[in-house]
Amino acid sequence: MVPLLELQSVSKAYGKKTALLDLSLSVEPGRIVGLLGSNGSGKSTLMQIAAGLLHPDSGSVRIRGQLPGVRTKAAVSFMPDRPQFESWMSIGDALDFQRDFFADYDADKARRMLDFMKLSRRDKAVSLSKGMGERLQLTLALSRKASLYLLDEPIGGVDPVARDHILDALVEFYEEESSVVVSTHLISDIERIFDEIVMIQGGSVIMQGDAEQLRMASGKSIDQLFKEVYAEC
Amino acid sequence: MTIEFDNNLPIYLQIMNYIKLQIVTGKLGPGEKIPSVRELASELKINPNTIQRTFQELEREGVAESRRGLGRFVTSEDEKIMSIKKEMASDLLDRFIGGMRELGFDNENIVKIVTESVEGGRSGGGGDAHGTLA
């Protein structure tokens, strides 16, 4: 089976600052992958490279065997870690933009998600609270029938109740035959939805595997493992 | 259905135990249909792959059986259900006995405490299970 996403020996630096170093990663179809790392570990750079928004300095990136480009972007839905709305936009405008840009936009799903997230099309996108803004971002990302969803810190700035709601939405609305990569540094609340875990530090993978097998082998939660692994770094 | 998940244990094992508990307590009757992967996933807010794994294991153990096009069902064999019950009881006992040994009780005292506690419970009084602590 061709992996949905495959990175081989990818490196990326911003000037002298290394963001990713010889990182390899493969995501099979139908998986929810947790990309775990502390702030500055390279999570967002990895996401942007996978989304085709950044080019690696070296190494190769393949989406379903293809180089990132127009065709792969049509199959990849990316939720950036910060809002990207224009000041004049209502929530409805933001959704209409998504509809106009992406052929796989599903109006019915978007409507159901708005209801679920308790968002109204008429509200201004920029005046939303951080939590409501994240709900809108997730709604935009999941309103497409994509093959690969890249969600960069979807639960970064919200309270625990909203966090649960966002997780519920994720499980409820993701397409089962597609894959989801979720980057986060908040692990305990979200680890139950992951099939696989990839921990990165200093731009390299330091641990990866099947979430249940990691729990079974260690008798510990992923959250606990993460803390131990990072304490050693 | 609600489960308080313990992140230190594999999730599919916890869901397996939960379903077994439903079966032995009769909340899921023999031969009754088990919710689908999708239903259970959205109810428990768990990744569908994890539910899939749970069901595969339940089928492997003979607790559930799938019928093509119809879904998954609880086994209708009473013996199987009884054996699940015994297995769960023996897990509980193992943990209890292990804990008691850690506290320093020998076999004789463990039996004595259990007997006193059970009989005390039956007569409605508190009993004096703690009398044997020395």
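Residues numbered from 1 in each chain as written. Chains lettered and ligands numbered in written order. Predicted model: local features only at pLDDT ≥ 70, side-chain atom pairs only at ≥ 80, totals over all residues. Heavy atoms only, no water.

Trainee: Can you walk me through the overall build of chain A in this structure?
Mentor: Along its length, chain A carries 8 helices and 9 strands. For a compact globule of 233 residues, the expected C-alpha radius of gyration is about 17 Å, and chain A comes in at 17 Å, within 12% of that figure. For the C-alpha atoms alone, the extent of chain A along its principal axes is close to 50 × 35 × 35 Å. For chain A, buried positions account for 54% of its 233 residues. Taking all contacts inside chain A whose residues are at least 6 apart in sequence as the whole, residues at least 24 apart take part in 71%. Working note: accessible area of chain A is about 10400 Å², and carbon and sulfur atoms make up 51% of it. Side-chain charges in chain A split into 27 positive and 33 negative, and the spacing between the mean points of these groups amounts to 5 Å. (Helix = DSSP H or I, 4+ residues; strand = E, 2+ residues; numbered from the N terminus. Rg over C-alpha atoms; globule rule 2.2 N^0.38 Å. Buried < 20%, exposed > 50% of the residue type's maximum accessible area, 1.4 Å probe, protein only. Contact = heavy atoms within 4.5 Å. Areas by Shrake-Rupley, 256 points an atom, 1.4 Å probe, with all protein chains shown as cover. Lys, Arg positive; Asp, Glu negative; His and termini not counted. Charge placed at Lys NZ, Arg CZ, Asp CG, Glu CD.)

Trainee: Please clarify how the overall build of chain B should be interpreted in this entry.
Mentor: When helices and strands are counted, chain B shows 5 helices and 3 strands. Each helix (α) and strand (β) of chain B, taken in turn from the N terminus, gives the series α-β-α-α-β-β-α-α. Each of the 134 residues in chain B was classed as buried or not, and the buried ones make up 34%. In chain B, the proportion of contacts linking residues at least 24 apart, taken out of those at least 6 apart, comes to 50%. Accessible area for chain B stands at about 8300 Å²; split by element, carbon and sulfur atoms hold 51% of it.

Trainee: Would you mind showing me how to read a nonpolar patch on the surface here?
Mentor: All names here are of chain B. A cluster of nonpolar residues, Leu-93, Phe-96, Val-114 and Val-118, forms a patch on the protein surface that exposes about 320 Å² of accessible area. At the level of secondary structure, the elements contributing two or more residues to the nonpolar patch comprise α4 (78-102) and α5 (107-122). Among the secondary structure elements, Leu-93 is positioned in helix α4. (Patch = residues over 30% accessible without salt bridge, like charges linked within 9 Å, V, L, I, M, F, W, Y side chains within 5 Å. Salt bridge = Lys/Arg side-chain N within 4 Å of Asp/Glu carboxyl O.)

Trainee: It is not clear to me how the domain arrangement of chain B should be interpreted in this structure. Could you clarify?
Mentor: Put simply, an interface is often sized by how much accessible area is lost when its parts join up. All names here are of chain B. Examined at the domain level, chain B breaks down into domain 1 (11-77) and domain 2 (79-132). Spacing between the C-alpha centres of domain 1 and domain 2 amounts to 30 Å. Across the contact, 11 residues belong to domain 1 and 7 residues belong to domain 2. When domain 1 packs against domain 2, close to 820 Å² is buried across both sides, 72% of that on carbon and sulfur atoms. Counting the surface domain 1 buries against domain 2, the share from its top three residues, Lys-20, Val-24 and Glu-77, is 56%. At the junction of domain 1 with domain 2, the criterion picks out 1 salt bridge. When the shortest N-O distance is used, the salt bridge between Glu-87 and Lys-20 registers 3.5 Å. Run the count over domain 1 and domain 2 and you get 5 residue pairs in polar contact (both at pLDDT 80 or more). Among the residues forming the side of domain 1 that touches domain 2, the class breakdown is 5 nonpolar, 3 polar and 3 charged. (Domains from an automatic or database assignment. Buried area = accessible area lost by both parts, 1.4 Å probe. Polar contact = N/O pair within 3.5 Å; in protein donor to acceptor, adjacent residues only side chain to side chain. Nonpolar A, V, L, I, M, F, W, Y, C, P; charged D, E, K, R; others polar.)

Trainee: Before we go on, may I ask you to explain the packing of aromatic side chains in this structure?
Mentor: Each aromatic ring pair is specified by the distance between its two centres and by the angle formed by the two planes. Residues and elements named next belong to chain A. Under the criterion given, the structure shown has 5 aromatic pairs over all chains. Relative to Phe-173, the ring of Phe-116 has its centre 5.6 Å away and its plane inclined at 80°; by these criteria the two rings are edge-to-face. Here Phe-116, found in helix α4 (residues 107-117), pairs with Phe-173, found in helix α6 (residues 160-173); they are 57 residues apart in sequence, far enough to count as distant. Using a relative accessible area of 24% as the deciding quantity, one classes Phe-116 as partly exposed. (Phe/Tyr/Trp six-rings, centres within 6.5 Å; stacked < 30°, edge-to-face > 60°.)

Trainee: I would appreciate a short explanation of the side chain of Gln14(B) in the present structure.
Mentor: Here Gln14(B) shows up in helix α1 (residues 11-24). Residues contacting Gln14(B), with those up to four places away along its chain left out, are Glu4(B), Phe5(B), Asp6(B) and Leu9(B).

Trainee: In this structure, what is going on with helix α5 (residues 130-142) of chain A? I would like to understand it.
Mentor: Working note: α-helix, 3.6 residues per turn, so residues spaced by three or four point in the same direction. Residues and elements named next belong to chain A. A rise of 1.5 Å per residue sets the reference length of α5, with its 13 residues, at 18 Å; its end C-alpha atoms lie 18 Å apart and thus fit the reference within 8%. Buried residues dominate α5, accounting for 11 of its 13 residues. Among all positions in α5, only Gly-131, Gly-133, Glu-134, Arg-135, Leu-136, Gln-137, Leu-138, Thr-139, Leu-140, Ala-141 and Leu-142 are buried. (Expected span 1.5 Å × (residues − 1).)

Trainee: What is the right way to read the sheet that holds strand β3 (residues 32-36) of chain A from this model?
Mentor: Strand pairing in a sheet relies on backbone hydrogen bonds, with the paired strands running either antiparallel or parallel. Residue and element names in this part refer to chain A. Reading across from one edge, β5-β6-β7-β3-β8-β9 is the order of the 6 strands in this open sheet, with mixed pairing throughout. Of all the strands in the sheet, the pair left with one neighbour each is β5 (76-79) and β9 (204-210). Here the average twist between neighbouring strands, direction ignored, is 15°. Of the pairings in the sheet, the one linking strand β6 (residues 148-152) to strand β7 (residues 179-184) comprises 5 bridges and is parallel in character. Paired with Leu-151 across the strands is Val-182, a residue of β7. Of the strands in this sheet, β8 (196-201) and β9 touch helix α7 (residues 211-218), which is tilted by about 90° from β9. (Pairing = 2+ DSSP bridges. Axes fitted to C-alpha atoms, helices over the stretch in contact; angles between N-to-C directions.)

Trainee: Where do I start with the sheet that holds strand β1 (residues 5-14) of chain A in this structure?
Mentor: Residue and element names in this part refer to chain A. In space, the 3 strands of this open sheet follow the order β2-β1-β4, with antiparallel pairing throughout. Bordering the open sheet on either side are β2 (17-27) and β4 (58-63), each of which pairs with just one other strand. For this sheet the average axis-to-axis angle between neighbouring strands, irrespective of direction, equals 20°. Two elements, β1 and β4, share 5 bridges in a ladder whose sense is antiparallel. Across the sheet, Gln-8 pairs through a bridge with Ser-60, a residue of β4.

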